[in-house]
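Remarks on the overall topology
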Amino acid sequence: MTFIGRDQERTTLRNLWDGTESTGAALALIQGQAGFGKTSLLTEFLSHIEPTALQATGEPDEKTLPYGVIGQLLRGVDLTGRRALTRVVGNDPAGLDPLEVGSDLLDFLATVGARGLVLTVDDVQWADPMSVRALVFALRRLRAERLLTVLCCRSDELDRLPIELQRLLGDAAVRIGLPALNVDETEALARAMNRTDLGRAVLTRVVEHSGGSPLYTRALLEEFSSAELGSDPRRPLPAPKSFSELVVSRVAACGPDGTALVHAAAILGDGAAMPVLIELGELSNPALAIEQAVAAALVADIVADGIVRFRHPLVRSAVYHSIPASLRTGLHLRASRLIADTDRIGALRHRVSATTGTDRELAAEVAGLADLDAKAGWWVVAAERYKTAVRLSDPTDEAVERYTLRMVECLALVGNPLATIAAERTISAHPRSALVDFALGRLRSISGDWDAAQELLDAAWTSVNPQTDVELVARIASELARNAVMGGRGAAAFEWASHALSVTPPEMATDTDTMALMAVAMGIQGQAAQALEFMAGLPRHVVNPSPAELGAIGGRGMLSLWNADLAQARTDLSAVVTATGEHGPTHANLFARQYLADVEYRTGDWDIAIVEAEAGVAAARDLGNVWTLPMLHAVASLPHSARGNFAQAAVHVAAAAEHAAVVGDVPNRVWAVVAAARLAYASRDPDAVVAALQPMGELAALDGVREPGIQPWQPMHAAALIALGRFDQAAVVLEEAEFFANSRQHSVQLLAVRRERCMLLAGQGNLNAALVLLKSAGALYPAVLALPFERAQFDLVSGRLLRLAGRKQAAIASLERARTALGMLRATPWLAEANHELAHLGGRPSARNRNGTTELSPHEVAVARLVTEGLTNREIASRLMISTKTVDYHLGHVYSKVGVRSRVQLTNRLVHDSDFPPPPNLTDE
């Protein structure tokens, strides 16, 4: 973070722009108080550069306009082939997810940025939250492009910016602070205004009187003569009119035509087009109106695009508030009719602005739009609309309670702890009812207080009227099912989900995720196979799932993962990630991505697992989805731990624990705990493993915690106890784990349990019994043929025991298989053990490198792997959350390193290099 003084501002912006040619994308933040020249600096900078500039300005009355700022930036730009951005510019944003818009924007900026581009957002503190999320997503992923982004924000609003934007600014922005004008700068401003008649003493008084604000200093210099400014210094300087009064006097001087023009422009907002202004202001002489408004320094000169822009946002504000109330109401109503066919949301906003009292029908219309916003996940926008609906309603109207409750729930869903607290205070002011208890319970769930949430939801269920409140009954039951899942209570979750489905009205059926909750409830009870039977009607391969199919396909992928059908899991979860990467919704993409990364980890594609999970982490942060962060961080840590990249793993493990503590649910807590244990396990620190797994003692009785398909942590726990000589405790852990693995027919877990039982027997001095068990365990070996890390761990234990038994050739064969697989995975800690064991047998410490003679980066491996799956560059970009230009960059490096020239050659090379070693032979020598 760099702060630049006023005398360096212009140079700093210019240097940043020049630097993008060699160093790539850059970000600047201009900050200062209102009237301190942020807009002027930005305008001056843009007037002296040649590249394309995309410009937008945040508007306080358009903060609830979804993607309004994105629409401003791209107005008049060729967006052929860009579905999401075309809909944004066409005022058709309904249902668009920030991930969808952000991905489209990323690809657009990467393409245009290759030729040089400056993107500016003035008054970013008033930018709509959907635009902010899409912008942050895109800007975070631009690297080599020649793009300079400049944001302007009032200093006192910085702490109120969306958290994802604050993070981006803190990580990447050069900050340009605009302090108050000093005497020298005020003198320079006076000279520029042809005020050369003022001495230093007078200028000093002007600085003190204006507070150094350029806007107010200019007003003083324009309003007062040198005689007035230079009056007796013992008397206070005559107070200037307020800025608003000055603007009003300029409007009055315009005459009827100019006044009508600026009134219409203030109603429609900065950047309105002349044809609409002519019709709204009923201008008889548009040319004269423009001439008068420009001469009065109210609007800028109108350029070829025919757009009217005020000289400063404060000018527009002053003009707007000076319009008589009755005239303002009439203008808003007329504006709503003018744009009704092209901008339904804008028309509704004008109708709201025209209403000073209550209007029940209008309130219901606004609330209906808020319902759609909430369904799309636009929580901030929805909350503002519900707030407007409350304002438009009579306090005695029964709908006010519903609007208020929905408003505070949406605020809480944003993930801001302060918003949650404020929401609870607001909602608690209502009399106790089933709806109030349900909303409070929902808020408590969101804040991670699951016990309090359960109590409130139970109270809501007790008091709800099942005859008159059918929708509320279904919502309470569904929320109780969710609470049970998050609390690790599968049986209760299944019961509540079943009840919710039985009472859910047909019109709500597609709006709830109750079916998914039921499937998860079955899965965490070890009934993944039975749950999959419910989905038997789904086709095995769904290339492009529709929005209605996403939940079912994603659920089947997750259950297939738990049921050890990793091929089906990858197929389904990849389809969901690809589809939602293009069209959203964000939560579905991140949910599927975290489980897909787990699939990649289990199947040994560790590079792509890292890229998938870390891309998910970045997106979850940028798009405000805190619920997926614990598991995404945890999954990202696993390959790093297994490869001995302990510092990188520790960062993810710490983040997983931090976010799991905030979210508070059982699944995320378990993932964070196991991630910490796996880091300790890879570090060969058995004490740390046992300590990390201590929380599992209090959680072990819950469904899902002992389910081997979800988190196979017990063999690792037993291995640590064996290493510490705590054999009795290890035996207890293994006995319970084997019971669950047998009862749920989970061969992978059963092989891992018997592997550690062999080590237990050997540790207790019973090597013969260990060898007998090892041989019988070989029958389970086919279950791990597609799981190289599991296979290598079994081969490593087999080789160690065979060596101890003096069976040299069998030991070498097993250890060589382990070393080959571990070398391909680059699992350094285990590879060292394999080399150590082989050294006892006269072997040499070597291992095959997974990427051949030339090492590929994780991103290069991920791009190459997806090429072999037949994905296009655009599809790969969406999958990895990068731009297509970045895909081209990585693919070029892959071709060079691997020594190929085409996708076909690359596919043939990688498929050949990925052959697994043959299965083991555990028969006697």
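Structure: see above.
Residues numbered from 1 in each chain as written. Predicted model: local features only at pLDDT ≥ 70, side-chain atom pairs only at ≥ 80, totals over all residues. Heavy atoms only, no water.

Counting secondary structure elements, the protein contains 48 helices and seven strands. Taking 925 residues into account, the globule formula puts the C-alpha radius of gyration at 29 Å, and the protein, at 33 Å, falls close to it. In terms of principal-axis extent, the alpha carbons of the protein reach across some 110 × 70 × 55 Å. Looking at the 925 residues of the protein, the share that counts as buried comes to 56%. Taking as baseline every contact in the protein between residues at least 6 positions apart, the subset at least 24 positions apart corresponds to 68%. Surface summary for the protein: the accessible area is close to 38400 Å², and the carbon and sulfur share equals 54%. Put simply, the protein has 87 plus and 105 minus side-chain charges, and the middle of one group is 4 Å from the middle of the other. (Helix = DSSP H or I, 4+ residues; strand = E, 2+ residues; numbered from the N terminus. Rg over C-alpha atoms; globule rule 2.2 N^0.38 Å. Buried < 20%, exposed > 50% of the residue type's maximum accessible area, 1.4 Å probe, protein only. Contact = heavy atoms within 4.5 Å. Areas by Shrake-Rupley, 256 points an atom, 1.4 Å probe, with all protein chains shown as cover. Lys, Arg positive; Asp, Glu negative; His and termini not counted. Charge placed at Lys NZ, Arg CZ, Asp CG, Glu CD.)

Turning our attention to the sheet that holds strand S5 (residues 173-177). Spatial ordering of the open sheet is given by S2-S3-S4-S1-S5, a layout of five strands whose pairing is parallel. Of all strands in the sheet, those with a lone pairing partner are strand S2 (52-57) and S5, marking the two edges. Ignoring strand direction, the axes of neighbouring strands in this sheet form an average angle of 15°. Summarising the sheet, S2 and strand S3 (residues 117-122) pair through six bridges and their orientation is parallel. Opposite Gln55, over in S3, you have Thr120 as the bridge partner. (Pairing = 2+ DSSP bridges. Axes fitted to C-alpha atoms, helices over the stretch in contact; angles between N-to-C directions.)

It is worth spelling out the side chain of Asn668 at this point. Counting through the fold element by element, Asn668 comes out in helix H35 (residues 666-682). With relative accessibility at 8%, the residue Asn668 sits in the buried group. With near-sequence residues (within four places) excluded, Asn668 lies in contact with Trp627, Pro630, Met631, Ala660 and Val663.

Next up on the list: empty space enclosed by the protein. In this structure the tally under the stated criterion is seven cavities of 30 Å³ or more. A volume near 430 Å³ is recorded for the largest cavity. Around the largest cavity sit 27 residues that line it, and Tyr601, Arg602, Arg678, Pro712 and Glu790 are the ones nearest its centre. When residues of the lining of the largest cavity are traced back to their parent elements, those giving at least two are helix H31 (586-602), H35, helix H38 (714-723), helix H40 (747-763) and helix H42 (788-804). Quantified by volume, the second largest cavity comes out at close to 80 Å³. Lining the second largest cavity are 13 residues; nearest its centre among them are Gly35, Lys38, Thr39, Asp123 and His312. If you list the elements that add at least two residues to the lining of the second largest cavity, you get helix H2 (38-47) and helix H16 (313-322). (1 Å grid on protein atoms, 1.4 Å probe; cavity = no way out; pocket = protein on both sides within 12 Å on 5 of 7 lines; lining within 4 Å. Points joined across faces, edges and corners; volume = space filled by probe spheres on them.)

On to the packing of aromatic side chains, then. Under the defined criterion, the tally for this structure stands at ten aromatic pairs. Linked through ring pairs, Tyr601, Trp606, Tyr681, Phe789 and Trp830 together constitute an aromatic cluster. Stacked on the ring of Trp17, the Lys or Arg Arg146 has its end atom at 4.0 Å from the ring centre. Its end group placed over the ring of Tyr320, Arg328 keeps NZ or CZ at 5.3 Å from the ring centre. (Phe/Tyr/Trp six-rings, centres within 6.5 Å; stacked < 30°, edge-to-face > 60°. Lys NZ or Arg CZ within 6 Å of the ring centre and 35° of its normal.)

The next point concerns the environment of Ile524. Here Ile524 is to be found in helix H27 (residues 514-524). When the C-alpha atoms of Ile524 and Asp301 are compared, they prove to be 66 Å apart, with 223 residues separating the residues in sequence. Beyond its immediate stretch of four places on either side in the chain, Ile524 contacts Gly490, Trp562, Asp703, Gly704, Glu707, Ile710 and Arg744.

Right, let's talk about helix H34 (residues 646-663) for a bit. For H34, which comprises 18 residues, the first-to-last C-alpha distance of 25 Å matches the rise-based estimate of 26 Å (1.5 Å per residue) to within 8%. The complete set of buried residues in H34 reads Ala649, His652, Val653, Ala655, Ala656, His659, Ala660 and Val663. What you see down the axis of H34 is that its buried residues fit within an arc of 165°, all on one side. Exposed side chains of H34 directed beyond 90 degrees from the buried face belong to Ala647, Val651, Glu658, Ala661 and Val662. In this structure, the buried residues of H34 make contact with helix H24 (450-463), helix H32 (606-622), helix H33 (629-642) and H35. (Expected span 1.5 Å × (residues − 1). Arc of directions from axis to C-beta.)

Turning to helix H17 (residues 325-338), a few remarks are in order. For H17, with 14 residues, the first-to-last C-alpha span of 20 Å sits near the 20 Å given by 1.5 Å per residue. Looking only at H17, the buried set comprises Leu331, His332, Ala335 and Ser336. Take H17 and look down its axis: the buried residues cluster within an arc of 135°, on one side only. Opposite the buried face of H17, by more than 90 degrees, sit the exposed residues Ser326 and Arg337. Looking at the buried positions of H17, the neighbouring elements they touch are helix H13 (255-268), helix H14 (274-281), H16 and helix H18 (344-353).

A few words now on the environment of Arg154. Within the element layout of this structure, Arg154 appears in strand S4 (residues 147-154). Since its relative accessible area comes to 16%, Arg154 is described here as buried. Distance in space between the C-alpha atoms of Arg154 and Gly177 is 10 Å, their sequence separation being 23 residues. Setting aside chain neighbours within four positions, we find Arg154 in contact with Gly32, Ala34, Lys38, Asp123, Gln125, Trp126 and Leu314.

Our focus in this paragraph is the nonpolar core. The biggest cluster of nonpolar side chains holds 129 residues, and the ones touching the most others in it are Trp562, Phe789 and Leu822. Here this core takes twelve residues from H35, the largest share from any one element. The contacts of Leu822, once residues within four sequence positions are left out, are Phe789, Ala792, Ala827, Trp830, Leu831 and Ala834. Core analysis: the second largest hydrophobic core is formed by 57 residues, Leu27, Ala138, Val381 and Leu623 among them. (Core = buried A, V, L, I, M, F, W, Y, C linked by side-chain atoms within 4.5 Å.)

With that settled, consider the pattern of salt bridges. Throughout the structure, instances matching the rule amount to 58 salt bridges. A salt bridge links Asp449 to Arg444, with the shortest nitrogen-to-oxygen separation between them at 3.2 Å. The exposure class of Asp449 is partly exposed, given its relative accessible area of 29%. One connected set of salt bridges, linked through shared partners, spans Arg570, Arg593, Glu600, Asp605, Glu612, Arg865, Glu869 and Arg879. (Salt bridge = Lys/Arg side-chain N within 4 Å of Asp/Glu carboxyl O.)

Angle between the axes and distance between the axes are the two parameters that describe a pair of packed helices. Axis separation between helix H25 (residues 470-486) and H27 bottoms out at 10 Å; the angle between their running directions is 35°. In the crossing of H25 with H27, the sense of the turn from one axis to the other is left-handed. Judged by residue contacts, Ser478, Ala481, Arg482 and Val485 of H25 engage Thr514, Leu517 and Val520 from H27. In terms of residue class, the contact of H25 with H27 is made up of four nonpolar, two polar and one charged. (Left-handed = near helix turned anticlockwise from the far one by under 90°. Nonpolar A, V, L, I, M, F, W, Y, C, P; charged D, E, K, R; others polar.)

This next bit is on the environment of Thr571. As for its placement among the helices and strands, Thr571 is situated in helix H30 (residues 566-583). Residue classification places Thr571 among the partly exposed residues on the basis of a relative accessible area of 25%. The contact partners of Thr571, leaving out residues within four places of it in the chain, are Arg540 and His541. A polar contact of 3.0 Å, which involves the side chain of Thr571, links it to the backbone oxygen of Ala567. (Polar contact = N/O pair within 3.5 Å; in protein donor to acceptor, adjacent residues only side chain to side chain.)

Moving on, we get to the pairing of strand S1 (residues 26-32). Counting buried positions along S1 gives seven out of seven residues, so the element sits mostly inside the fold. Burial along S1 is two-sided: Ala26, Ala28, Ile30 and Gly32 and Leu27, Leu29 and Gln31, pointing in opposite directions, are all buried. Direction of pairing for S1 relative to S4: parallel, over a ladder of seven bridges. The residue of S4 that forms the bridge with Leu27 is Thr149. Note that S1 and S5 share five bridges and pair parallel. Its bridge partner lying in S5, Leu27 is registered against Ala173.

Function-wise, these values are silent; they only describe arrangement.
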